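# Architecture and fold: a report
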Amino acid sequence: MSTLTLTVLGCGSSSGCPVINCDCDTCLSTAPENKRSRCSAWLSSDDGASIVIDTGTDFRAQALRARIPHIDAVLYTHPHADHLNGVDDLRAFCYKQKAAIPVYGNGFTLANMQSRFDYAFLEPREFWDKPVLKAQGLQAAQTIAGLPVQAFNVPHGRWTISAFRIGNIAWLTDLNDISDEVIDQLQGLDYLFLDCLMDHAYPSHLSVEQAFAFAQRINAQQTYLIHMTHRLEYHELMARCPERVAVAYDGLTVTSGL
Ligand SMILES: [Zn+2]
Ligand SMILES: [Zn+2]
Ligand SMILES: [Zn+2]
C-alpha cells in the first residue's frame, strides 16, 4: 500500500498571523503554532507524486520551508489573493522541470486566473522567465499525478468554490456551508482539514461552533481546523476542541494509506 502525506504549508486567514501592526496576545505570542502563513497544503505520495493546493501570498517561503522538490499539479480552491497571488513563484518549478505545470480549478477560478495572470498561460520562452501554466478543468472525480482526486462545490459567500478529497484526506477551506450530499461523500476520512475563521459568524466562512458541528457530522478520524484569524489563539482553541478535533499549525504533517 502506498501512502499519502499532507503537509500544512499554511493555516492562517487572509491577513496571516501575526497581523501587520497588531499587538494582540496571539500576534505577540512566541509560540510557533501562532505563526500562521496563508492557507495552503502540499500532498506527496511515496510514489513521488507532488500536488500543491493553492499558491497564496506566502507560497515562496512555504515551498522553501517544506523543501518541495517538484510540483506535478496545483489544485486551486478559488482565486482570492491569499490563495492565488503567490502564483509567480511556480516559475522556479517550471524552470527546473522545463515543463508547464497543470493547474486545476472550476470554470470561474480558471477564468479569473487567466484574466489576472494572462502571461502565465503563454508558451514557454527560452529563459523560462515566467510561470508556464496549463489550465485544466476540474471534474468531480479524476486522477491527477496518479492520485485519486475528488472535487466538491462549496459556497464561499457569493462564490461557488472547490474543496478536495485525495484518498482519505480532505481539504475544505473558505466555505460557509457544506451540503448534505458533500457530507455523504466525505465519510470514511482519516483526516479532515476544515475552515474555522473565528468565533463570530461570518458570511463566507465557518465560525468555531459551525466548524465543530460539521466536524461531528463528517466524523473523520481526526479533524484539524485551518484558516484561523489572530482572534483564535492556538492553545486556547485547542482547550475548547472536542474529541478528535485539533487546531492545525504550519508545518503539521499527516500520513494516510492510499
Ligand atoms: Zn482564504
Ligand atoms: Zn493580532
Ligand atoms: Zn477566500
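In what follows, the accompanying structure is described.

Quick notes on the rules
- Each chain carries its own residue numbering, running from 1 in the direction its sequence is written.
- Numbering of ligands from 1 and lettering of chains from A proceed in the order in which they are written.
- This being a predicted model, a pLDDT of at least 70 is required before a residue's local features are given, and a value of 80 or more before pairs of side-chain atoms are given or counted; all residues contribute to the totals for chains, interfaces and linings.
- Remark: hydrogens and water are excluded; side-chain values derive from all non-hydrogen atoms of the structure.
- Coordination partners: N, O, S within 2.8 Å of the metal, 3.2 Å for Na, K and Ca; water not considered, so apparent gaps in a site are possible.
- For a four-donor site, all angles between 85 and 135 degrees give tetrahedral; for four or six donors, opposite pairs above 155 degrees with the remaining angles between 65 and 115 give square planar or octahedral; all remaining cases count as irregular.
- Put simply, DSSP H or I for four residues or longer makes a helix, DSSP E for two residues or longer makes a strand, and each gets a number counted from the N terminus.
- The buried label applies to any residue whose accessible area, calculated with a 1.4 Å probe on protein chains only, is under 20% of its type's maximum; exposed applies above 50%, and partly exposed to all values in between.
- Note on ring pairs: Phe, Tyr and Trp rings are taken, using the six-membered ring of Trp, and paired if centres are within 6.5 Å. Classes follow the plane angle, with under 30 degrees stacked, over 60 edge-to-face and the rest tilted.
- Over a ring means this: the NZ of a Lys or the CZ of an Arg is within 6 Å of the ring centre and within 35 degrees of the ring normal.
- By this definition, two strands are paired if DSSP reports at least two bridges between them.
- In this analysis an axis means a line fitted to C-alpha atoms, helices contributing only their contacting stretch, and an angle means the value between N-to-C directions, from 0 to 180 degrees.
- Take a side-chain nitrogen of Lys or Arg and a carboxyl oxygen of Asp or Glu: if they are within 4 Å of each other, that pair is a salt bridge.

## Looking at the coordination of the zinc ion (ligand 1)
- For the zinc ion (ligand 1), every protein donor is listed as Asp82 (OD), His83 (NE2), Asp174 (OD) and His227 (NE2), and the spread of their distances is 2.1 to 2.3 Å.
- Classification of the site at the zinc ion (ligand 1) rests on its 4 donor atoms, whose angles at the metal span 92 to 161°, yielding the label irregular.
- Each donor residue of the zinc ion (ligand 1) belongs to the same chain, with the gaps between them written as D-H-x90-D-x52-H.
- Separating the zinc ion (ligand 1) from the zinc ion (ligand 3) is a gap of 3.5 Å, bridged by aspartate 174, which donates to each. Linking aspartate 174 in the loop between strand 10 (169-172) and helix 6 (180-185) with histidine 227 in the loop between strand 12 (222-226) and helix 8 (234-240), this pair joins segments that are 53 residues apart in sequence. A single burial state applies to aspartate 174 and to histidine 227, both of which are buried.

## Some points on the packing of aromatic side chains
- This structure, assessed with the given rule, holds 7 aromatic pairs.
- With a centroid separation of 6.3 Å and 85° between ring planes, the pair formed by tyrosine 234 and tyrosine 249 is classed as edge-to-face. With tyrosine 234 in helix 8 and tyrosine 249 in the loop between strand 13 (245-247) and strand 14 (253-257), the pair connects residues that are 15 residues apart, well separated along the chain.
- With relative accessibility at 9%, the residue tyrosine 234 sits in the buried group.
- Counting every residue linked through ring pairs, the aromatic cluster contains Trp171, Tyr191, Phe193 and Tyr224.
- Directly above the ring of tyrosine 95 sits lysine 98, whose terminal nitrogen or CZ lies 3.7 Å from the centroid.

## Considering the coordination of the zinc ion (ligand 2)
- Taken together, the protein donors to the zinc ion (ligand 2) comprise Cys22 (SG), Cys24 (SG), Cys27 (SG) and His230 (ND1), at separations of 2.0 to 2.3 Å.
- Between consecutive donor residues of the zinc ion (ligand 2), the sequence gaps follow C-x1-C-x2-C-x202-H.
- Here cysteine 22 falls in the partly exposed class, since its relative accessible area comes to 22%.

## Things to note about the sheet that holds strand 14
- Strand order in the open sheet formed by 7 strands is 6-5-4-3-2-1-14, with mixed pairing between adjacent strands. Edge positions in the sheet fall to strand 6 (133-137) and strand 14, since each has one partner strand and no second. Across the sheet, the mean angle from the axis of one strand to that of its neighbour is 25°, orientation sign disregarded.
- The sheet contact formed by strand 2 (residues 40-45) and strand 3 (residues 50-53) spans 4 bridges and is antiparallel.

## A look at the pattern of salt bridges
- Here the structure, examined in full by the defined rule, presents 4 salt bridges.
- Here aspartate 129 and arginine 125 are joined by a salt bridge, their closest N and O atoms 2.8 Å apart.
- We classify aspartate 129 as partly exposed; its relative accessible area is 31%.
- Aspartate 199 is paired through a salt bridge with arginine 240; the nearest N and O atoms lie 2.7 Å apart. A residue pair is termed long-range when its members are at least 10 positions apart, and aspartate 199 in the loop between strand 11 (191-195) and helix 7 (208-218) and arginine 240 in helix 8 qualify at 41 residues.
- On the accessibility criterion, aspartate 199 (39% relative accessible area) is partly exposed.
- Residue arginine 240 is classed as partly exposed on the basis of its relative accessible area of 38%.

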